[in-house]
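# Examining the three-dimensional arrangement
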Amino acid sequence: MRTIVVLIMLLTSALSHAAAEGDTAPPFTLPNLDKSATYSLATGKVIYLDFWASWCAPCRVSFPEVIALQNDLGSDRFEVIAVTVDENPAAARRFLRHYDVPYQILSDPDGVVAEQYALPGMPTSFVIDQEGSVSLRHSGFKSGDMTSIRRRIHQLLETAL
Amino acid sequence: MKVKLVTSLCVVCLLSLAACETVQPWERGTLAKPEMQLSEGLDSPLYHQVYDSKEASSGGSGAAGAGCGCN
(Lines give C-alpha, C1' and ligand atoms only; values in the text may rest on other atoms or scores of the structure.)
Protein backbone atom coordinates (compact mmCIF):
# COMPACT_ATOMS: atom_id res chain seq x y z
CA MET A 1 0.00 0.00 0.00
CA ARG A 2 2.83 2.37 0.92
CA THR A 3 4.53 1.62 -2.42
CA ILE A 4 1.36 2.57 -4.32
CA VAL A 5 1.08 5.87 -2.44
CA VAL A 6 4.75 6.70 -3.16
CA LEU A 7 4.26 5.85 -6.86
CA ILE A 8 1.19 8.12 -7.10
CA MET A 9 3.09 10.95 -5.36
CA LEU A 10 6.03 10.58 -7.76
CA LEU A 11 3.70 10.65 -10.78
CA THR A 12 1.82 13.76 -9.63
CA SER A 13 5.05 15.62 -8.77
CA ALA A 14 6.39 14.89 -12.26
CA LEU A 15 3.18 16.23 -13.82
CA SER A 16 3.11 19.44 -11.80
CA HIS A 17 6.60 20.63 -12.83
CA ALA A 18 6.13 23.90 -14.72
CA ALA A 19 8.26 26.85 -15.75
CA ALA A 20 7.31 29.09 -12.84
CA GLU A 21 8.26 32.68 -12.15
CA GLY A 22 11.87 32.87 -10.90
CA ASP A 23 12.89 29.65 -12.67
CA THR A 24 15.43 29.60 -15.44
CA ALA A 25 13.56 29.46 -18.76
CA PRO A 26 14.10 25.98 -20.27
CA PRO A 27 16.47 26.32 -23.24
CA PHE A 28 15.18 25.25 -26.67
CA THR A 29 15.94 25.31 -30.36
CA LEU A 30 13.07 25.36 -32.83
CA PRO A 31 12.70 25.85 -36.59
CA ASN A 32 10.63 28.65 -38.08
CA LEU A 33 7.40 27.86 -39.95
CA ASP A 34 9.16 27.41 -43.30
CA LYS A 35 11.92 25.33 -41.68
CA SER A 36 14.40 27.69 -43.36
CA ALA A 37 16.13 28.68 -40.10
CA THR A 38 16.28 27.71 -36.45
CA TYR A 39 16.19 29.84 -33.33
CA SER A 40 17.74 29.10 -29.95
CA LEU A 41 16.67 30.88 -26.80
CA ALA A 42 19.44 33.31 -25.85
CA THR A 43 20.09 35.76 -23.02
CA GLY A 44 20.82 39.51 -23.21
CA LYS A 45 17.40 40.81 -24.23
CA VAL A 46 14.02 40.85 -22.55
CA ILE A 47 11.99 38.18 -24.35
CA TYR A 48 8.25 37.83 -24.65
CA LEU A 49 7.72 34.14 -25.43
CA ASP A 50 4.21 33.60 -26.75
CA PHE A 51 2.69 30.14 -27.29
CA TRP A 52 -0.30 30.25 -29.63
CA ALA A 53 -2.35 28.17 -32.07
CA SER A 54 -4.66 28.89 -35.00
CA TRP A 55 -7.58 27.14 -33.24
CA CYS A 56 -7.17 29.24 -30.07
CA ALA A 57 -9.80 32.00 -30.00
CA PRO A 58 -8.09 34.27 -27.39
CA CYS A 59 -4.98 34.24 -29.62
CA ARG A 60 -6.94 36.40 -32.07
CA VAL A 61 -7.27 38.97 -29.27
CA SER A 62 -3.63 38.76 -28.19
CA PHE A 63 -1.97 38.86 -31.62
CA PRO A 64 -2.62 42.54 -32.51
CA GLU A 65 -1.53 43.58 -29.02
CA VAL A 66 1.70 41.56 -29.16
CA ILE A 67 2.47 43.02 -32.60
CA ALA A 68 1.93 46.53 -31.18
CA LEU A 69 4.19 45.64 -28.25
CA GLN A 70 7.09 44.70 -30.55
CA ASN A 71 6.53 47.75 -32.75
CA ASP A 72 6.44 50.10 -29.73
CA LEU A 73 9.52 48.73 -27.96
CA GLY A 74 11.70 48.05 -30.99
CA SER A 75 14.11 45.14 -31.28
CA ASP A 76 17.33 46.49 -29.70
CA ARG A 77 16.65 45.34 -26.14
CA PHE A 78 13.39 43.45 -26.52
CA GLU A 79 12.23 40.57 -28.68
CA VAL A 80 8.97 38.70 -29.18
CA ILE A 81 9.30 35.01 -29.98
CA ALA A 82 6.02 33.39 -30.99
CA VAL A 83 5.75 29.60 -30.97
CA THR A 84 2.85 27.94 -32.74
CA VAL A 85 1.79 24.50 -31.52
CA ASP A 86 -0.29 23.85 -34.64
CA GLU A 87 0.22 20.32 -35.95
CA ASN A 88 -0.41 21.60 -39.45
CA PRO A 89 1.83 24.56 -40.44
CA ALA A 90 -0.67 25.47 -43.20
CA ALA A 91 -3.28 26.28 -40.53
CA ALA A 92 -0.80 28.60 -38.81
CA ARG A 93 0.00 30.31 -42.13
CA ARG A 94 -3.72 30.86 -42.81
CA PHE A 95 -4.04 32.49 -39.36
CA LEU A 96 -0.99 34.70 -40.01
CA ARG A 97 -2.40 36.04 -43.30
CA HIS A 98 -4.52 38.43 -41.20
CA TYR A 99 -1.54 40.04 -39.48
CA ASP A 100 1.65 41.86 -40.38
CA VAL A 101 3.94 40.09 -37.91
CA PRO A 102 7.29 41.84 -37.25
CA TYR A 103 8.81 38.99 -35.18
CA GLN A 104 9.82 35.37 -35.54
CA ILE A 105 7.25 32.60 -35.66
CA LEU A 106 8.63 29.23 -34.59
CA SER A 107 6.93 25.88 -35.03
CA ASP A 108 6.49 23.26 -32.30
CA PRO A 109 4.05 20.79 -33.91
CA ASP A 110 4.83 17.96 -31.50
CA GLY A 111 4.49 20.19 -28.43
CA VAL A 112 7.99 19.35 -27.18
CA VAL A 113 8.78 22.88 -25.98
CA ALA A 114 5.16 23.39 -24.87
CA GLU A 115 5.62 20.37 -22.61
CA GLN A 116 8.97 21.70 -21.32
CA TYR A 117 7.21 24.91 -20.29
CA ALA A 118 4.18 22.93 -19.00
CA LEU A 119 1.65 25.35 -20.45
CA PRO A 120 -1.43 25.56 -18.22
CA GLY A 121 -3.63 26.84 -21.08
CA MET A 122 -3.67 28.44 -24.50
CA PRO A 123 -2.37 30.99 -25.11
CA THR A 124 0.38 31.19 -22.50
CA SER A 125 3.16 33.75 -22.56
CA PHE A 126 6.35 34.20 -20.58
CA VAL A 127 8.34 37.36 -19.96
CA ILE A 128 11.97 36.26 -19.72
CA ASP A 129 14.52 38.70 -18.32
CA GLN A 130 17.99 39.49 -19.69
CA GLU A 131 19.56 36.71 -17.58
CA GLY A 132 17.15 34.07 -18.87
CA SER A 133 14.85 33.80 -15.85
CA VAL A 134 11.06 33.67 -16.11
CA SER A 135 9.85 37.00 -14.75
CA LEU A 136 6.15 36.60 -15.55
CA ARG A 137 3.90 33.79 -16.72
CA HIS A 138 0.55 34.74 -18.20
CA SER A 139 -2.08 32.17 -19.10
CA GLY A 140 -5.05 32.99 -21.33
CA PHE A 141 -5.65 36.42 -22.83
CA LYS A 142 -8.40 38.98 -22.74
CA SER A 143 -8.56 42.64 -23.61
CA GLY A 144 -6.67 44.67 -21.00
CA ASP A 145 -4.23 41.91 -20.00
CA MET A 146 -1.41 43.61 -21.88
CA THR A 147 -1.27 46.46 -19.33
CA SER A 148 0.34 44.33 -16.60
CA ILE A 149 2.58 42.56 -19.12
CA ARG A 150 3.83 45.90 -20.50
CA ARG A 151 4.43 47.14 -16.95
CA ARG A 152 6.65 44.15 -16.15
CA ILE A 153 8.60 44.46 -19.41
CA HIS A 154 9.18 48.18 -18.77
CA GLN A 155 10.42 47.38 -15.25
CA LEU A 156 12.94 44.90 -16.66
CA LEU A 157 14.11 47.31 -19.34
CA GLU A 158 14.52 50.13 -16.80
CA THR A 159 16.49 48.04 -14.28
CA ALA A 160 19.00 47.17 -17.00
CA LEU A 161 19.79 50.85 -17.66
CA MET B 1 -10.44 -15.81 -1.32
CA LYS B 2 -11.34 -12.33 -0.11
CA VAL B 3 -7.74 -11.10 -0.56
CA LYS B 4 -7.70 -12.41 -4.15
CA LEU B 5 -10.95 -10.60 -4.89
CA VAL B 6 -9.64 -7.29 -3.48
CA THR B 7 -6.36 -7.68 -5.38
CA SER B 8 -8.24 -8.39 -8.63
CA LEU B 9 -10.42 -5.33 -8.07
CA CYS B 10 -7.34 -3.18 -7.44
CA VAL B 11 -5.69 -4.46 -10.64
CA VAL B 12 -8.84 -3.72 -12.65
CA CYS B 13 -9.03 -0.22 -11.14
CA LEU B 14 -5.35 0.48 -11.94
CA LEU B 15 -5.78 -0.81 -15.51
CA SER B 16 -8.82 1.41 -16.05
CA LEU B 17 -6.84 4.39 -14.71
CA ALA B 18 -4.16 3.68 -17.32
CA ALA B 19 -6.83 4.03 -20.02
CA CYS B 20 -7.45 7.68 -19.06
CA GLU B 21 -5.74 10.19 -21.31
CA THR B 22 -5.20 13.80 -20.36
CA VAL B 23 -5.41 16.16 -23.30
CA GLN B 24 -2.79 18.84 -22.75
CA PRO B 25 -3.71 22.46 -23.52
CA TRP B 26 -1.47 22.53 -26.60
CA GLU B 27 -3.12 19.35 -27.95
CA ARG B 28 -6.66 20.72 -27.86
CA GLY B 29 -6.57 21.47 -31.58
CA THR B 30 -7.31 17.77 -32.02
CA LEU B 31 -10.61 18.24 -30.18
CA ALA B 32 -11.52 21.04 -32.61
CA LYS B 33 -11.39 18.72 -35.62
CA PRO B 34 -14.77 17.96 -37.29
CA GLU B 35 -14.50 14.21 -36.63
CA MET B 36 -14.23 14.94 -32.89
CA GLN B 37 -17.58 16.76 -32.71
CA LEU B 38 -20.48 14.99 -31.03
CA SER B 39 -23.32 16.34 -33.16
CA GLU B 40 -21.63 16.97 -36.53
CA GLY B 41 -19.27 14.03 -36.41
CA LEU B 42 -19.17 10.74 -38.25
CA ASP B 43 -22.90 10.10 -37.73
CA SER B 44 -23.85 13.34 -39.45
CA PRO B 45 -23.89 12.16 -43.12
CA LEU B 46 -26.11 9.19 -42.19
CA TYR B 47 -28.42 11.43 -40.15
CA HIS B 48 -28.74 13.91 -43.01
CA GLN B 49 -29.44 11.16 -45.54
CA VAL B 50 -32.31 9.80 -43.41
CA TYR B 51 -33.60 13.34 -42.74
CA ASP B 52 -33.49 14.29 -46.42
CA SER B 53 -35.33 11.14 -47.56
CA LYS B 54 -38.02 11.58 -44.87
CA GLU B 55 -38.54 15.23 -45.81
CA ALA B 56 -38.16 14.57 -49.56
CA SER B 57 -35.74 17.46 -49.78
CA SER B 58 -32.10 18.15 -49.17
CA GLY B 59 -30.14 21.14 -47.97
CA GLY B 60 -31.23 23.89 -45.64
CA SER B 61 -29.86 22.19 -42.58
CA GLY B 62 -26.52 24.01 -42.52
CA ALA B 63 -25.54 27.50 -41.54
CA ALA B 64 -26.68 30.48 -43.59
CA GLY B 65 -24.16 31.45 -46.24
CA ALA B 66 -23.29 34.02 -48.90
CA GLY B 67 -23.09 37.78 -48.48
CA CYS B 68 -20.52 39.18 -46.10
CA GLY B 69 -19.60 35.80 -44.64
CA CYS B 70 -20.36 37.02 -41.15
CA ASN B 71 -23.11 34.51 -40.34
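Residues numbered from 1 in each chain as written. Chains lettered and ligands numbered in written order. Predicted model: local features only at pLDDT ≥ 70, side-chain atom pairs only at ≥ 80, totals over all residues. Heavy atoms only, no water.

## Quick notes on the interface of chain B and chain A
Facing the seven residues of chain B at the interface are eleven residues of chain A. For the chain B face of the interface with chain A, the top three residues by lost area are Pro25, Trp26 and Gly29 of chain B, together amounting to 72%. Across the chain B-chain A interface, the total number found is zero salt bridges. Linking chain B to chain A there are zero residue pairs in polar contact (both at pLDDT 80 or more). Tallied by class, the residues present in the side of chain B that touches chain A amount to three nonpolar, two polar and two charged. (Contact = heavy atoms within 4.5 Å. Buried area = accessible area lost by both parts, 1.4 Å probe. Salt bridge = Lys/Arg side-chain N within 4 Å of Asp/Glu carboxyl O. Polar contact = N/O pair within 3.5 Å; in protein donor to acceptor, adjacent residues only side chain to side chain. Nonpolar A, V, L, I, M, F, W, Y, C, P; charged D, E, K, R; others polar.)

## What about the confidence of the model for chain A?
Averaged over all residues, the pLDDT of chain A is 90; the fraction at 70 or higher stands at 88%. Between residues 6-16 of chain A, whose pLDDT stays under 50, and residues either more than four places distant or in other chains, the model counts zero contacts. (pLDDT = per-residue confidence, 0-100.)

## Examining the layout of surface pockets
Roughly 280 Å³ of volume is contained in the second largest pocket. Forming the walls of the second largest pocket are 17 residues, and the residues nearest its centre are Trp55, Asp86 and Glu87 of chain A together with Gly29 and Thr30 of chain B. Grouping the amino acids of the lining of the second largest pocket by side-chain chemistry returns six nonpolar, five polar and six charged. (1 Å grid on protein atoms, 1.4 Å probe; cavity = no way out; pocket = protein on both sides within 12 Å on 5 of 7 lines; lining within 4 Å. Points joined across faces, edges and corners; volume = space filled by probe spheres on them.)

## As for the pattern of salt bridges
Any two side chains of opposite charge can pair, on the condition that their charged atoms come close. Residues and elements named next belong to chain A. In this structure the tally under the stated criterion is three salt bridges over all chains. Where Asp72 meets Arg150, a salt bridge forms, and the shortest distance between an N and an O atom there is 2.9 Å. Linking Asp72 in helix H2 (residues 57-73) with Arg150 in helix H5 (residues 146-159), this pair joins segments that are 78 residues apart in sequence. On the basis of relative accessible area, Asp72 is assigned to the exposed category, the value being 53%. On the accessibility criterion, Arg150 (23% relative accessible area) is partly exposed. (Helix = DSSP H or I, 4+ residues; strand = E, 2+ residues; numbered from the N terminus. Buried < 20%, exposed > 50% of the residue type's maximum accessible area, 1.4 Å probe, protein only.)

## What about the environment of Val80 of chain A?
All names here are of chain A. Its place among the elements puts Val80 in strand S4 (residues 78-84). Under the relative-accessibility criterion, Val80 is labelled buried at 0%. Sequence spacing of Val80 and Ala19 is 61 residues, and the spatial spacing of their C-alpha atoms is 18 Å. If we ignore the near neighbours within four places in the chain, the residues touching Val80 are Tyr48, Val66, Gln70, Tyr103 and Gln104.

## Thoughts on the sheet that holds strand S6 (residues 124-128) of chain A
All names here are of chain A. In space, the five strands of this open sheet follow the order S5-S4-S3-S6-S7, with mixed pairing throughout. Each edge of the open sheet carries a strand with a single partner, namely strand S5 (104-107) and strand S7 (134-139). Put simply, the sheet's adjacent strands are angled 20° from each other on average, direction ignored. Both strand S3 (residues 46-52) and S4 contribute to a ladder of seven bridges, which runs parallel. Note on S4: the bridge partner recorded for Val46 is Phe78. (Pairing = 2+ DSSP bridges. Axes fitted to C-alpha atoms, helices over the stretch in contact; angles between N-to-C directions.)

## Focus on the environment of Ala114 of chain A
Secondary-structure assignment places Ala114 of chain A in helix H4 (residues 112-116). With a relative accessible area of 0%, Ala114 of chain A lands in the buried category. Here the alpha-carbon distance between Ala114 of chain A and Phe51 of chain A, two residues 63 residues apart in the chain, equals 7.6 Å. Discounting residues that sit within four places of it in the chain, Ala114 of chain A has contacts with Phe51, Val85, Asp108 and Leu119 of chain A together with Trp26 of chain B.

## What about the pairing of S6 of chain A?
Residue and element names in this part refer to chain A. With five of five residues buried, S6 is to be regarded as a mostly interior element. Alternating positions in S6 separate into two faces, Thr124, Phe126 and Ile128 on one and Ser125 and Val127 on the other, with burial throughout. Inspection of the sheet shows S3 paired to S6 by five bridges, in the antiparallel sense. Bridge pairing in S6 places Phe51 opposite Thr124. Across five bridges, the pairing between S6 and S7 is antiparallel. Residue pairing in the sheet places Ile128 in a bridge with Val134 of S7. Between the antiparallel neighbours S6 and S7 lie five residues, among them Gly132 with a positive phi of about 90°.

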